[in-house]
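Breakdown of the fold
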Amino acid sequence: MKWSGLVGALLSLMTLSGCATAVPAMVGGSTTPANRTDLGVGGGARVPLGKLKNWDGAEPNFEPDASAGGVVPMVYGRYGLTDSWDLGLLVAGTMIRADFRREVLLQDGSTRTAFVMGLAPYGGWVTTEGPETEGGRAGFELPLTYGVEIGGLYEFWLGARLSGEWVKGDFERNDVDGLESGWGVRLGPVIGMALGVRRFHALVELTAAYEHWSIGDVNGGRLRRNGVALIPGFALRLRL
């Protein structure tokens, strides 16, 4: 495939997946070392379950986050500011997230353990079916994980992700256009691992998030939904 064709395919996938908040954390076992750069490319998915997937036919169309599933491409980069702080930027589908992370070292040596915590504001746009169904979203995430590195070959991490999100746009409902808004919060465990040699690693990760959504209605009411969404992700990481 020519480069122009590849770029076109990626842009099409990003547009078609504009509803899905399929944003993996891609924590890794530690922050990026000082004066080093991590570059990653991969993808993420969002799989809504239960009531998040089945809205029982009630108030269709404005479900830009709560019912949205799909697969999105992902790229990210992180730079180690010090031995315990790094700064990163991640693009997944139509969303951009900034990562500010701190590491608390617990054990050093051939087996290295640490707590990794951070603040990750993000934003992007929402696209659904139809020329008028467009909007924006903004939110933040607070990840906290326990990471293990073994001999530079293996990495494991386990922890939790808490996030909040707000969405607003001109979304069509029952053939009527109107400005609508919604907000959601999610909390759940995240687990991941990486395997590689020297500078190159393959990462896989899974988040299982419990979500609560409150969706605006053009008639003045609000819809509320709770449920679980799975967010798997994978990436190939190069450390420079």
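Going by the structure above, here's the rest.
The present account deals with the structure reproduced in this document.

How each quantity is defined
- Residues numbered from 1 in each chain as written.
- Predicted model: local features only at pLDDT ≥ 70, side-chain atom pairs only at ≥ 80, totals over all residues.
- Heavy atoms only, no water.
- Helix = DSSP H or I, 4+ residues; strand = E, 2+ residues; numbered from the N terminus.
- Buried < 20%, exposed > 50% of the residue type's maximum accessible area, 1.4 Å probe, protein only.
- Contact = heavy atoms within 4.5 Å.
- Areas by Shrake-Rupley, 256 points an atom, 1.4 Å probe, with all protein chains shown as cover.
- Salt bridge = Lys/Arg side-chain N within 4 Å of Asp/Glu carboxyl O.
- Polar contact = N/O pair within 3.5 Å; in protein donor to acceptor, adjacent residues only side chain to side chain.
- Core = buried A, V, L, I, M, F, W, Y, C linked by side-chain atoms within 4.5 Å.
- Patch = residues over 30% accessible without salt bridge, like charges linked within 9 Å, V, L, I, M, F, W, Y side chains within 5 Å.
- Pairing = 2+ DSSP bridges.

This part takes up the overall build of the protein. Helix and strand counts for the protein come out as one helix and 10 strands. Moving toward the C terminus, one meets the helices and strands of the protein in the order α-β-β-β-β-β-β-β-β-β-β. Counting only residues that meet the buried cut, the protein has 47% of its 240 residues in that class. Pairs at least 24 apart in sequence give 63% of the contacts found in the protein among residues at least 6 apart. Carbon and sulfur atoms make up 66% of the accessible area of the protein, which totals about 11500 Å².

Attention now moves to the pattern of salt bridges. All told, the structure shown has 12 salt bridges when counted by the stated rule. When the shortest N-O distance is used, the salt bridge between Asp86 and Arg101 registers 2.7 Å. Taken together, the residues span a long stretch of sequence, with Asp86 in strand 3 (residues 85-92) and Arg101 in strand 4 (residues 95-107) at a distance of 15 residues. Given a relative accessible area of 2%, Asp86 falls into the buried group.

This paragraph deals with unusual backbone geometry. Positive phi is not limited to glycine here, since Asn35 has a value of about 65°. For Asn35, the location among the structural elements is in the loop between helix 1 (3-16) and strand 1 (37-48). On the basis of relative accessibility, which here comes to 56%, the residue Asn35 falls in the exposed class. With a phi close to 50°, Arg198 is a non-glycine residue in the positive phi region. In this fold, Arg198 is placed in the loop between strand 8 (176-197) and strand 9 (200-216).

A few words now on the side chain of Ser163. With respect to the helices and strands, the residue Ser163 is situated in strand 7 (residues 154-173). Relative accessible area serves as the criterion here: at 4%, Ser163 is assigned to the buried category. Sequence-distant contacts of Ser163, defined by excluding residues within four places in its chain, comprise Phe140, Glu141, Gly184, Val185 and Arg186.

This part covers the environment of Asp86. In the structure, Asp86 is positioned 17 residues away from Glu103 in sequence and 8.7 Å away in space, judged by C-alpha atoms. Within the structure, the side chain of Asp86 is placed 3.0 Å from the backbone nitrogen of Thr32, a separation counted as a polar contact. Side-chain polar atoms of Asp86 contact the side chain of Arg101, separated by 2.7 Å.

The next point concerns the nonpolar core. Ranked by internal contacts, the top residues of the largest apolar core, which has 17 residues, are Met26, Met74, Tyr76, Leu90, Ala92 and Leu203. For this core, the secondary-structure elements that each account for two or more residues are strand 2 (70-80), strand 3 and strand 5 (111-127). In terms of residue count, strand 2 provides more of this core than any other element does, three residues in total. Apart from residues no more than four positions distant in its own chain, Leu203 is found in contact with Met26, Tyr76, Trp157, Met193, Ala194, Gly233, Phe234, Ala235 and Arg237. Judged by nonpolar contacts, the second largest core, of five residues, contains Leu52, Trp213, Ile215 and Ala229.

This brings us to the environment of Pro48. Structurally, the position occupied by Pro48 is in strand 1. A residue is classified by how much of its surface remains accessible, and Pro48, at 9% relative accessible area, is buried.

Let us look at the environment of Ala138. As for its position among the elements, Ala138 is in strand 6 (residues 134-150). The contact partners of Ala138, leaving out residues within four places of it in the chain, are Tyr122, Gly123, Gly164, Glu165 and Trp166.

Moving on, we get to a nonpolar patch on the surface. Residues Tyr79, Leu81, Trp85, Leu87, Phe100, Leu119, Phe140, Leu142, Leu162 and Leu187 make up a contiguous nonpolar surface patch of roughly 900 Å² in combined accessible area. Of all the secondary structure elements, the ones that give two or more residues to the nonpolar patch are strand 3 and strand 6. Under the relative-accessibility criterion, Leu162 is labelled partly exposed at 36%.

Another point: the pairing of strand 4. With eight bridges connecting them, strand 3 and strand 4 associate as antiparallel partners. When the bridges of strand 4 are listed, Val91 appears paired with Ile96. Linking strand 3 back to strand 4 in an antiparallel pair, the connection comprises two residues, with Gly93 at a positive phi of about 65°.

Our next topic: the pairing of strand 2. In this structure, strand 1 lies alongside strand 2, joined through 10 bridges in antiparallel fashion. Across the sheet, residue Gly43 finds its bridge partner in strand 2, namely Pro73. Inspection of the sheet shows strand 2 paired to strand 3 by seven bridges, in the antiparallel sense. Following the sheet pairing, Tyr79 is matched in strand 3 by Leu87. Linking strand 2 back to strand 3 in an antiparallel pair, the connection comprises four residues.

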